[in-house]
Amino acid sequence: MGPESTLVNIARGEIIDEPAIVEALATGQLGSAGLDVFANDPHIPATLRDLNNVVLTPHLGSMTIETRKVVSHSVV
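Residues numbered from 1 in each chain as written. Predicted model: local features only at pLDDT ≥ 70, side-chain atom pairs only at ≥ 80, totals over all residues. Heavy atoms only, no water.

Just to check I follow, could you spell out the pairing of strand β2 (residues 32–35) for this structure?
The side chains of a regular strand alternate, first on one face of the sheet and then on the other. Bridge analysis of strand β1 (residues 6–9) against β2 gives four bridges, and the strand direction is parallel. When the sheet's bridge partners are listed, T6 is paired in β2 with S32. On the question of chirality, the crossover connecting β1 to the parallel β2 by way of helix α1 (residues 18–27) is right-handed. Where β2 and strand β3 (residues 54–56) come together, three bridges link them in parallel fashion. Residue G34 lies in a different strand from β3, and its bridge partner there is V55. (Pairing = 2+ DSSP bridges. Helix = DSSP H or I, 4+ residues; strand = E, 2+ residues; numbered from the N terminus. Right-handed = clockwise from strand over helix to strand, strands pointing away.)

Okay, here's the thing in structure tokens:
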């Protein structure tokens, strides 16, 4: 990936090296990132939050109608 690239992670926070992504974003080696999951949820490092080339969302990737139905049926 390079300066024109956008990294999107909606899978698991652990699959990316978060400190390396922060460095790549801060130095321009990576253009931007859209992150829905984080390595140490729910704690997001300030170094990541403070970058202006990052969009952070609170697990919106799991908010499908199907997932919500399954979750609602599992509540006792």
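Would you take a moment to explain unusual backbone geometry for this structure?
Going from D41 to P42, the amide bond is cis rather than trans, its omega being 5°. Tracing the sequence through the fold places P42 in the loop between β2 and α2 (46–49).

Could you clarify how one ought to interpret the side chain of E18 in this entry?
Within the element layout of this structure, E18 appears in helix α1. One buried charged side chain, E18, makes no salt bridge at all; its nearest oppositely charged neighbour is R49, positioned 9.5 Å away. (Buried < 20%, exposed > 50% of the residue type's maximum accessible area, 1.4 Å probe, protein only. Lys, Arg positive; Asp, Glu negative; His and termini not counted. Salt bridge = Lys/Arg side-chain N within 4 Å of Asp/Glu carboxyl O.)

Help me out: how do you make sense of the sheet that holds β3 in this one?
The strands making up a sheet associate through backbone hydrogen bonding, with each pair oriented either parallel or antiparallel. What the three strands build is an open sheet, ordered β1-β2-β3; its pairing is parallel. Looking at strand neighbours, the two that pair on one side only are β1 and β3, the edges of this open sheet. The mean angle between the axes of side-by-side strands here comes to 5°, regardless of whether they run parallel or antiparallel. (Axes fitted to C-alpha atoms, helices over the stretch in contact; angles between N-to-C directions.)

For this particular structure, what's the right way to read the nonpolar core?
One broad trend across soluble globular proteins is that nonpolar side chains are buried collectively. L7, L25, L35 and L48 are the most contacted members of the largest nonpolar core, which has 13 residues in total. Taken together, the elements giving at least two residues each to this core come down to α1 and β2. Per-element tally for this core: the top contributor is α1, with four residues. (Core = buried A, V, L, I, M, F, W, Y, C linked by side-chain atoms within 4.5 Å.)

How should the side chain of D36 be read in this particular structure?
Locating D36 in the fold gives a position in the loop between β2 and α2. Buried within the structure, D36 lacks any salt-bridge partner; its nearest side chain of opposite charge belongs to R68, at an N-O separation of 8.7 Å. Reaching out from D36, the side chain makes a polar contact with the side chain of T57 at a distance of 2.5 Å. Those residues in contact with D36 that sit more than four places away from it in its chain are N9, I10, T57, P58, H59, L60, G61 and S62. (Polar contact = N/O pair within 3.5 Å; in protein donor to acceptor, adjacent residues only side chain to side chain. Contact = heavy atoms within 4.5 Å.)

For this particular structure, what's the right way to read the environment of Q29?
Checked against the element boundaries, Q29 lands in the loop between α1 and β2. Given the relative accessible area of 49%, Q29 is considered partly exposed. Along the primary structure Q29 and P3 are separated by 26 residues, whereas in three dimensions their C-alpha atoms are 5.0 Å apart. In contact with Q29, not counting residues within four places along its chain, are M1, G2, P3 and A24. Within the structure, the side chain of Q29 is placed 3.4 Å from the side chain of T27, a separation counted as a polar contact.

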